[in-house]
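Chain by chain, the residues:
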Amino acid sequence: MSSSISFSEQVNRNFDKAAAFTNLDRTLLSQIRGCNSIYRMSFPIKRDDKSIEVIHAWRCEHSQHKLPTKGGIRYSKSVNEDEVIALASLMTYKCAIVEVPFGGAKGGIKIDRHEYSDRELESITRRYTFELAKKNFIGPGVDVPAPDFGTGAREMAWIADTYQAISGGNIDSLGCVTGKPVSQGGIRGRTEATGRGVYFGIREACSIQEDMDKLGLSTGVEGKRVVIQGFGNVGFYAARFLEEAGALIIAIAEWDGAIFNPKGLPVQAVHEHRVEAGSILGYPGAEVLATNMAALELDCDILIPAALENVITDDNVANIKAKIIAEAANGPIAARASDELTKRGVLILPDAYLNAGGVTVSYFEWVKNLSHVRFGRMQKRFEEGAYRRIVSAIENVTQRQFPEEEREALSRGASEEDLVNSGLEETMVLAYHQIWEIRKRLGKGADLRTAAFVDAIEKVAVCYQELGIFP
Ligand code: GLU
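As a further point, take unusual backbone geometry. Residue Pro68 is reached from Leu67 by a cis peptide bond, and omega for that bond is 0 degrees. A positive phi angle, close to 55 degrees, is found at Asn310, a residue other than glycine. By secondary structure assignment, the location of Asn310 is in the loop between β10 (302-305) and β11 (324-326). The backbone of Gln399 shows a phi angle near 55 degrees, a positive value even though the residue is not glycine. Of the residues examined, Gln399 reaches a relative accessible area of 69% and is grouped as exposed.

Quick look at helix α6 (residues 190-206) now. Residue pairs spaced three or four apart in an α-helix point in one direction, given the helix's 3.6 residues per turn. If you check α6, its first and last C-alpha atoms are 25 Å apart, about what 17 residues at 1.5 Å a residue would give, namely 24 Å. At Arg196, α6 shows its largest kink, close to 25 degrees. Taking burial as the measure, the 17 residues of α6 include 15 buried ones, the bulk of the element.

Here we take up helix α2 (residues 26-33). For α2, every residue scored as buried is listed here: Leu28, Leu29 and Ile32. Buried residues in α2, looked at end-on, bunch into an arc of 100 degrees, giving them a common side. In this structure, the buried side of α2 is in contact with α1 (7-19), α3 (81-97) and α16 (448-465).

Let us look at the sheet that holds strand β1 (residues 37-46). The strand order across the open sheet built from five strands is β1-β2-β4-β3-β5, with neighbouring strands paired in mixed fashion. With one partner strand each, in any of the chains shown, β1 and β5 (143-147) form the two edges of the open sheet. The sheet shows a mean angle of 20 degrees between the axes of neighbouring strands, direction not considered. Note that β1 and strand β2 (residues 52-61) share 10 bridges and pair antiparallel. Paired with Tyr39 across the strands is Arg59, a residue of β2. Packed onto the sheet, α3 meets β1, β2, β3 (69-75) and β4 (103-109) and runs at close to 150 degrees relative to β4.

Cut-off values and rules
- Residues numbered from 1 in each chain as written.
- Predicted model: local features only at pLDDT ≥ 70, side-chain atom pairs only at ≥ 80, totals over all residues.
- Heavy atoms only, no water.
- Helix = DSSP H or I, 4+ residues; strand = E, 2+ residues; numbered from the N terminus.
- Buried < 20%, exposed > 50% of the residue type's maximum accessible area, 1.4 Å probe, protein only.
- Expected span 1.5 Å × (residues − 1).
- Bend = angle between axes of the 7 residues up to and from the residue.
- Arc of directions from axis to C-beta.
- Contact = heavy atoms within 4.5 Å.
- Pairing = 2+ DSSP bridges.
- Axes fitted to C-alpha atoms, helices over the stretch in contact; angles between N-to-C directions.

Structure, rendered in structure tokens:
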């Protein structure tokens, strides 16, 4: 899809638009906006057929105003320096918006993971980690990667294992990366976290009567017609949680095509069909759309781009019919298209807020790694004992016995997963209302993206100002 300016310029355009609403010093603004450090590396790997290939990769630490820096690692053919910088800057703003105490970073390896065997992917991942370690671009107090497009728990386990092997008995070394499998120091709920956070963000947006009235929609998620573009980890879980809340998933688009059913597609069944058949296409009872991009142009209440950047641009913005666009992906709407949609009254839930659930739970995982104890381990049984005593006291006073099932439910102590999900919900709800209030303060013409950027800029600015470096 065409766009006249680069991805990082688009993010900077959004930054500048928001910066104009602040009274901050110009040098301070340029310090916040600029990319602090970037490491570009090339290294050879031996392919299974014994040929040698040179791999190109990057890690960008956009801002060290808080340490460690944090952000995923992407495996994609489209990775380039500008993309990594743009995504790292979004991480800085994202962490600030949800008050996760990290600077922003991002990494990328320019490969299509489908073209490599598991052994080759492991060797690329381990070598990349080694390169990062060599230049001090990884470590629990320095820079902490996580999954992103094309990577998952398996790659994070390889990274942790490589880092541990070379970190000389550092007791906190597992905190060098998040999104690990639970058996390797990961945390329950991380896999679903971004999609769950997307759901919480949409739920909050849909709960505000005055915003829904403007869109001619009723409040609540129930009954809303949703289109999902990108059925990877984020798209799948967002769709599942929305479906559970009563939304109708009318279309799902993947790289090889899109399926549509105005009566709703059962998310888990489509997923299982994909696992079996290798594609969502061919799911029984669904219409196949001409192209995956056609799904973006369907008449719907909520459109969720959940794949890559720049899918809504000058080329197709005129055909977009959604009333709400929920940016589960990073940068799915080009800056000019975003302005046009806002002018048309579309409610855009911006990426830097909406997909921050992933990094929020990464933060919980990192804290777990540094504290060396699972959340809930110390208090779960103690809480259960206390709740049971309260239940018994109520039974004594009321002379009425609770049914066993109710008794159990009332007495349950929080598990690690309960605590993670509750912390995630609290974070997403609080941040939504913060940016909503800021949009109100900024007045006419300001959208939620601008409000989210103002929020981020002001929070990062304080870190520099309180050091006495900038006015
Ligand atoms: N890659 C994810 C993002 O873009 C997660 C980052 C993290 O958990 O550090 O937000």
